[in-house]
Amino acid sequence: MFPAPPPVPMIPAPMMVGRLQFVSVGKENIATELERIRELLPRYRYVAIDTEYPGTIHGTPAGAALTPAARYYALVKANVDEIPILQLGLTLCDEEGNLPIVMDSDGGPLQLAWEFHFSDFDIARHPHSMESTQGFNFARALMHGVPSTDFAARLAEVLAKVPQPLMWVAFGGAFDFAHMVKMLSGGQPLPETRGEFLARARDLLHGMVFDAKYMAEHCGRAELCAGGLRTVASILGVPQLIPVPPSLAGPKSHTACCIFNVMRLVIHGGTSYDGLIDGIY
């Protein structure tokens, strides 16, 4: 007889970085963790996200009549319409930038953030970029990840119960917000225009949308222009947690949250950057 194949490992255990814990979420604990997030949202109304996906398979469309922003949105739409999401990182904070805190088994304070794993992508049949999928455990995601339709239905119920508008945050967030809109729209194609996309994002997310990269590039500090997530974080001196595959989206959402809070509380302030998403504004 042939030996039985090794079991597919569960979704990763919570990842600890100092006193910060990234809760890994799959189909086994999706209901519990979204209920916990629902209870936290009235106080922690800033929601920083990062998405991981299997790369891009379509290039920038040609068309002299298109503006650069319209052309970039067409690129985002072509890819997000076709490629499923792999992970979603989610970091909550309050008005002062504080993350939710729970007590650990020793009675010490522990900050929380989340990393959701999805089961939609099948490497055997979905197009993808090899560089973007290195190190990812696809068997584990298929077995223990949550279908994006299930996640979106549960998240929509959570958002409908939040009494105040939320503040959604990403860094270079066109693809991040696009994946959120696609999931919350039941997997339907993204709207045809940037204006329709932004209106749908605000409606489905029950709040405003901010892009910390756009804010950094338009704050009057030349050294922050054209920098990626790590570069901007380093210049601003905010914490950077080294993501190790397959734990990528959670730490990156935390870094995006930290950058946004510096821009919001120290450099910019106000809500005038609502809807200004890098690349498509």
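Residues numbered from 1 in each chain as written. Predicted model: local features only at pLDDT ≥ 70, side-chain atom pairs only at ≥ 80, totals over all residues. Heavy atoms only, no water.

If you look the protein up in an unreviewed UniProt entry, it shows as poly(A)-specific ribonuclease from Sorghum bicolor. Among the UniProt annotations of the protein, the heading Catalytic activity (unreviewed entry) holds the following wording: "Exonucleolytic cleavage of poly(A) to 5'-AMP." According to the UniProt record, the Subunit (unreviewed entry) comment for the protein reads "Component of the CCR4-NOT complex, at least composed of CRR4 and CAF1 proteins." (UniProt positions renumbered as here; feature names shortened; annotations may be inferred.)

Draft legend 1. Layout of the overall build of the protein. Check the secondary structure of the protein and you find ten helices and eight strands. Per-residue burial over the protein gives 51% buried out of 281 residues. Contacts spanning at least 24 positions in sequence make up 77% of the contacts within the protein whose residues lie at least 6 apart. For the protein, the exposed area adds up to about 12,600 Å²; of that, 57% sits on carbon and sulfur atoms. (Helix = DSSP H or I, 4+ residues; strand = E, 2+ residues; numbered from the N terminus. Buried < 20%, exposed > 50% of the residue type's maximum accessible area, 1.4 Å probe, protein only. Contact = heavy atoms within 4.5 Å. Areas by Shrake-Rupley, 256 points an atom, 1.4 Å probe, with all protein chains shown as cover.)

Draft legend 2. Layout of the nonpolar core. Judged by nonpolar contacts, the single largest core of 47 residues is most densely connected at Trp-114, Phe-116, Phe-151 and Trp-168. At eight residues, helix 6 (residues 174–184) tops the list of elements feeding residues into this core. Formed by 32 residues, the second largest nonpolar core is a distinct cluster that contains Phe-171, Ala-216, Leu-224 and Val-232. (Core = buried A, V, L, I, M, F, W, Y, C linked by side-chain atoms within 4.5 Å.)

Draft legend 3. Just the side chain of Asn-79, in detail. Its place among the elements puts Asn-79 in helix 2 (residues 68–82). Here Ile-57 takes part through its backbone nitrogen, which lies 2.6 Å from a polar atom of the side chain of Asn-79. When near neighbours in sequence (up to four residues on either side) are disregarded, Asn-79 contacts Thr-56, Ile-57, His-58 and Phe-175. (Polar contact = N/O pair within 3.5 Å; in protein donor to acceptor, adjacent residues only side chain to side chain.)

Draft legend 4. A look at unusual backbone geometry. Positive phi, close to 60°, is recorded for His-206, a residue that is not glycine. Within the fold, His-206 resides in the loop between helix 7 (194–205) and strand 8 (207–211).

Draft legend 5. Quick look at the packing of aromatic side chains. Scanning the entire structure with this criterion turns up nine aromatic pairs. Judged by centre distance (6.0 Å) and plane angle (45°), the ring pair of Tyr-46 and Phe-260 falls under tilted. Of the two residues, Tyr-46 is situated in strand 3 (residues 46–52) and Phe-260 in helix 10 (residues 249–267); the sequence distance between them amounts to 214 residues. Judged by its relative accessible area of 8%, Tyr-46 falls in the buried class. Aromatic rings pair up to connect Tyr-46, Phe-210 and Phe-260 into one cluster. A cation over an aromatic ring shows up here: Arg-264 above the ring of Tyr-46, its NZ or CZ 4.1 Å from the ring centre. (Phe/Tyr/Trp six-rings, centres within 6.5 Å; stacked < 30°, edge-to-face > 60°. Lys NZ or Arg CZ within 6 Å of the ring centre and 35° of its normal.)

Draft legend 6. Main features of the pairing of strand 3. Most of strand 3 is tucked away, with seven of its seven residues classed as buried. Burial along strand 3 is two-sided: the residues Tyr-46, Ala-48, Asp-50 and Glu-52 and Val-47, Ile-49 and Thr-51 are all buried. Looking at chain direction, strand 3 and strand 4 (residues 87–93) are connected through seven bridges and run antiparallel. Looking at the pairing, Ile-49 lines up with Leu-90 of strand 4. Alignment of strand 3 against strand 7 (residues 166–170), held across three bridges, turns out to be parallel. Note that in strand 7 the partner of Ala-48 across the bridge is Val-169. (Pairing = 2+ DSSP bridges.)

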